Amino acid sequence: GVAADALAGRPARTLQSALRQLAEDGVDAAAIVPLFLGPSDGLAEAVRAARADPAAPRRIAAAPCLVDTAAPADARVGRALAAAVLRLGRARGLSFPLRVVVVDHGSASRAVVAVRDRLAATVAELLGPRASVIAASMERRPGEPFTSRGTSPSSVAAALESAALCDVDAAV
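Residues numbered from 1 in each chain as written. Predicted model: local features only at pLDDT ≥ 70, side-chain atom pairs only at ≥ 80, totals over all residues. Heavy atoms only, no water.

Asker: It is not clear to me how the overall build of the protein chain should be interpreted in this structure. Could you clarify?
Answerer: Each helix and strand counted, the protein chain has 6 helices and 5 strands in total. Secondary structure elements of the protein chain, listed N to C terminal, follow the sequence α-β-α-β-α-β-α-β-α-α-β. Buried residues in the protein chain amount to 30% of all 172 residues. Put simply, 73% of the contacts in the protein chain that link residues at least 6 apart link residues at least 24 apart. (Helix = DSSP H or I, 4+ residues; strand = E, 2+ residues; numbered from the N terminus. Buried < 20%, exposed > 50% of the residue type's maximum accessible area, 1.4 Å probe, protein only. Contact = heavy atoms within 4.5 Å.)

Asker: Can you help me understand the pairing of strand E4 (residues 131-137) in this one?
Answerer: In summary, the side chains of a regular strand alternate between the two faces of the sheet. Burial runs high along E4: 5 of the 7 residues are buried. Bridging between strand E3 (residues 98-104) and E4 involves 7 bridges; their strand directions are parallel. Its bridge partner being in E4, Val-103 is matched across the sheet by Ala-136. Taken together, E3, helix H4 (residues 110-127) and E4 constitute a β-α-β crossover, and its handedness is right-handed. (Pairing = 2+ DSSP bridges. Right-handed = clockwise from strand over helix to strand, strands pointing away.)

Asker: So what exactly am I meant to see when it comes to the pattern of salt bridges here?
Answerer: A side chain with one charge can pair with a side chain of the opposite charge if their charged atoms come near. Per the stated rule, a full pass over the model turns up 7 salt bridges. One salt bridge in this structure joins Arg-48 and Glu-45, with 3.1 Å as the shortest N-O distance. Taken together, the residues Arg-48 and Glu-45, both in helix H2 (residues 41-52) and 3 residues apart, mark about one turn of the helix. Between Arg-116 and Asp-104 there is a salt bridge; the shortest N-O distance is 3.4 Å. In this pair, Arg-116 sits in helix H4 while Asp-104 sits in strand E3, placing the two residues 12 residues apart along the sequence. Classification of Arg-116 by relative accessible area gives buried; the value is 4%. On the basis of relative accessible area, Asp-104 is assigned to the buried category, the value being 10%. Salt bridges linked by common partners bring Asp-28, Arg-58 and Arg-59 together as one network. (Salt bridge = Lys/Arg side-chain N within 4 Å of Asp/Glu carboxyl O.)

Asker: I would appreciate a short explanation of the side chain of Thr-122 in the present structure.
Answerer: With respect to the element layout, Thr-122 can be found in helix H4. Judged by its relative accessible area of 15%, Thr-122 falls in the buried class. What Thr-122 contacts, discounting residues up to four positions off in sequence, is Ala-75, Gly-78 and Arg-79.

Asker: Help me understand the confidence of the model for the protein chain, please; the structure alone is not making it clear to me.
Answerer: The predicted coordinates should not be examined in detail at positions where pLDDT is low. Residues of the protein chain with pLDDT of at least 70 account for 80%, and the chain-wide mean is 84. The low-confidence segment residues 145-149 (pLDDT under 50) makes 15 contacts with residues lying over four places distant or belonging to another chain. Note on residues 160-166: pLDDT is under 50 here. Beyond four places in sequence and across chains, it has 8 contacts. (pLDDT = per-residue confidence, 0-100.)

Asker: What's the story with the layout of surface pockets in this structure? I'm lost.
Answerer: Taken as a whole, the largest pocket holds about 280 Å³ of empty space. Lining the largest pocket are 16 residues, and of these Phe-36, Ser-40, His-105, Ser-107 and Val-112 sit closest to its centre. Those elements that place two or more of their residues in the lining of the largest pocket are H2, E3 and H4. For the lining of the largest pocket, the element with the highest residue contribution is H4, accounting for 3 residues. Broken down by class, the residue content of the lining of the largest pocket amounts to 6 nonpolar, 7 polar and 3 charged. (1 Å grid on protein atoms, 1.4 Å probe; cavity = no way out; pocket = protein on both sides within 12 Å on 5 of 7 lines; lining within 4 Å. Points joined across faces, edges and corners; volume = space filled by probe spheres on them. Nonpolar A, V, L, I, M, F, W, Y, C, P; charged D, E, K, R; others polar.)

Here's what the structure looks like:
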């Protein structure tokens, strides 16, 4: 967690504490807008818990995650990531083809990994010969749910080396 002194001496506001504060302020309905790429199990559990919390607003609606898994042709987030990679490459004077890792936090959720992989494929397609793109997770915890969910940081280095991409230009 984040130390309270890093937040002006106040503890971080959690979803639960924010919703309870809204209810205390007389708010009857609230919307949750997640800044999550894919359908996280943790997010789903937090929304269920919020809806069951008698101290939260009576009506709680949750917006979908940033990448709509029901709309495979929707490439808006992939386009934004590709544009960010190109801006970074130009701003830093990097040589093309760029070496890019599309990286997520790390999840045991097949759905979240599928979103990350979809974004990596979209970025690769959009950048074409201007970049070599791979997908990876920042961390992987022990246990079967994580062993088959994508590339770990240690194997990213091996993949980059085998592709003659020893230096990463951008991780998005």
